[in-house]
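Okay, here's what each chain looks like letter by letter:
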Amino acid sequence: MLPAETQDALARAEAISCEMVHPHEALFSDRAANIKQSAVRDVFEISMQPGLVSLAGGNPYLQSLPLDRLGAAAAKIIAEQGLEALQYGGGQGTLELRRQICEVMAAEGITDADPDNVVITAGSQSAQDVAAKVFCNPSDVILIEDPTYVGALNTFEAYQIDVQPVLVDDGGLIPAELRRRIRELRAAGKTVKMLYTIPNFSNPSGVTLAADRRPEIVRICREANILILEDNPYGLLKFDGNLQTPLRAGNPDDVLYLGSFSKIFAPGLRIGWALVPAHLKQRFYLASEAVTLCPPTFNQMLVSAYLRDFDWMEQVRTYRALYQERCDAMLAALAEHMPEGVTWTTPEGGFFIWLTLPEHVDTYPLLHQGIEAGVVFVPGAAFTSVPGPSNTLRLAFSSATPENIQEGVRRLAPVLRAAAGTPN
């Protein structure tokens with residue numbers, strides 16, 4: 001018997017709609033109907049139950065940070081600059097941090113960024129929200145990779161945007177499919193505004209957009225007058241350190257670039273950024289300021305101290321080695337334990353591996369069985385705009401030890417074997 005807390009979280013994760021229980025329900029806007037319960041968030045809650053091995057959460061491994069030195073840095077900021085750190089700040093973010101962010105992006109391959117075009121946001125999630133609000137009317141189209149980040153899906157759908165998938169393969173977004181979808185949607189009278197893409201070690205698939213496809217995708221979108229929303233929180237975490245060139249590099253007018261310190265430093269600080277094309281920056285900035293008024297000054301100052309006074313690139317190199325070890329452990333465990341008919345991606349960086357089961361399998365009901373077996377994953381249906389069952393699931397290796405990864409995959413294998421109908 002599952003604990004009551006787990007049963008409650010599972011019930012929330014499965015809830016699609018609820019009956020009106022209060023007159024105030026009638027006051028909701030049409031937009032509110034598109035705001036969905038996040039299955040991923042509920043799975044995270046489930047993951048906290050004792051005895052479970054969680055392969056669900058895409059959390060960075062913060063234990064490798066120099067927490068004692070960071071604590072001293074935080075205390076120094078409060079003691080010496082407390083009146084500034086605890087006060088309202090500028091809506092665009094501190095100039096020091098915006099300049100430092102340009103240096104971070106230069107390490108990724110974007111060498112022409114201007115601090116004046118950087119807007120500090122509450123993680124890249126906030127930047128996705130602002131972009132959707134600024135550029136899209138209800139029923140406008142945003143093209144997405146299928147699968148894609150569940151947080152972006154929830155954001156876009158909340159603004160009543162028509163989210164349309166584009167096929168991907170092991171090399172990421174397929175340019176011919178992008179052309180076809182644009183042509184098809186416009187023939188149907190649709191207005192296509194943006195392409196949302198996670199080109200490096202995508203969440204959830206772990207797939208990287210092939211280098212030779214990148215300029216072609218930019219060219220397709222430029223010719224179609226479609227803005228590219230490039231979300232790149234994992235780009236620095238390529239295991240071998242040979243980074244892929246961002247779509248934004250050399251294309252300042254065509255790409256709105258999103259970055260975050262959540263994966264390379266600390267997600268709890270909620271500091272991300274948008275590098276906005278100069279001709280679009282003012283409207284984007286004003287919309288961001290209307291939501292957050294100003295990003296938290298203390299958090300920005302702590303990030304600045306980290307970038308200025310710590311060897312942050314050495315920490316990135318530590319993360320690369322740590323995540324590669326865990327990814328290798330998961331790939332080895334999958335090869336050892338997975339039944340015939342189950343396939344998976346082989347990421348070059350990031351946090352995630354994507355499993356595909358035979359077409360007749362629906363992985364959502366398997367979540368219950370996985371929990372009973374002592375392991376948690378995220379069903380693939382959470383990461384697509386296409387309704388109906390999904391035969392996919394996401395595993396995260398970033399926050400689990402190699403030993404827990406091995407044990408978690410071992411526990412998961414019989415569940416998938418039974419669902420796939422594969423003999424022992």
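Residues numbered from 1 in each chain as written. Predicted model: local features only at pLDDT ≥ 70, side-chain atom pairs only at ≥ 80, totals over all residues. Heavy atoms only, no water.

### Here we look at the side chain of H337
Then, in step 1: Its place among the elements puts H337 in helix α11 (residues 312-337).
Then, in step 2: Overall, H337 belongs to the buried group, its relative accessible area being 15%. (Helix = DSSP H or I, 4+ residues; strand = E, 2+ residues; numbered from the N terminus. Buried < 20%, exposed > 50% of the residue type's maximum accessible area, 1.4 Å probe, protein only.)

### Some thoughts on the packing of aromatic side chains
Aromatic rings considered in pairs are described by the distance between their centres and by the relative angle of their planes.
Then, in step 1: Taken as a whole and assessed by the stated rule, the structure comprises 11 aromatic pairs.
Then, in step 2: Aromatic side chains F261 and W273 sit 5.1 Å apart centroid to centroid with 50° between the ring planes, which places their arrangement in the tilted category. Here W273 lies in strand β10 (residues 272-275) and F261 lies in the loop between β9 (255-260) and β10, a separation of 12 residues in the sequence.
Then, in step 3: Given the relative accessible area of 1%, W273 is considered buried.
Then, in step 4: The ring of Y61 has R326 lying over it, and the distance from NZ or CZ to the ring centre is 4.1 Å. (Phe/Tyr/Trp six-rings, centres within 6.5 Å; stacked < 30°, edge-to-face > 60°. Lys NZ or Arg CZ within 6 Å of the ring centre and 35° of its normal.)

### Considering the packing of helix α4 (residues 95-108) against helix α10 (residues 297-309)
Then, in step 1: At a minimum axis separation of 10 Å, α4 and α10 run at an interaxial angle of 45°. Compared by their axis directions, α4 and α10 come out oblique. In this structure, α4 crosses over α10, and the sense of that crossing is left-handed. Residue-level inspection shows E96, L97, Q100 and V104 of α4 in contact with α10, the latter providing Q300, V303, S304, L307 and R308.
Then, in step 2: Each residue belonging to the contact of α4 with α10 can be placed in one class, and the counts come to 4 nonpolar, 3 polar and 2 charged. (Axes fitted to C-alpha atoms, helices over the stretch in contact; angles between N-to-C directions. Parallel < 35°, antiparallel > 145°, perpendicular 65-115°, else oblique. Left-handed = near helix turned anticlockwise from the far one by under 90°. Contact = heavy atoms within 4.5 Å. Nonpolar A, V, L, I, M, F, W, Y, C, P; charged D, E, K, R; others polar.)

### Digging into the sheet that holds strand β15 (residues 392-396)
Consider a sheet: its strands pair through backbone hydrogen bonds, and that pairing is either parallel or antiparallel.
Then, in step 1: Read from one edge to the other, the open sheet built from 4 strands follows the order β11-β12-β15-β14, with strand pairing classed as antiparallel. Both outer strands of the open sheet, β11 (343-344) and β14 (378-379), are each paired with one neighbouring strand and no more.
Then, in step 2: In the sheet, strand β12 (residues 352-356) pairs with β15 via 5 bridges, with the strands oriented antiparallel. Each bridged residue has a counterpart across the sheet, and for T356 the counterpart in β15 is T392.
Then, in step 3: Across the sheet, α11 is in contact with β11, β12 and β15; its angle to β12 comes to roughly 20°. (Pairing = 2+ DSSP bridges.)

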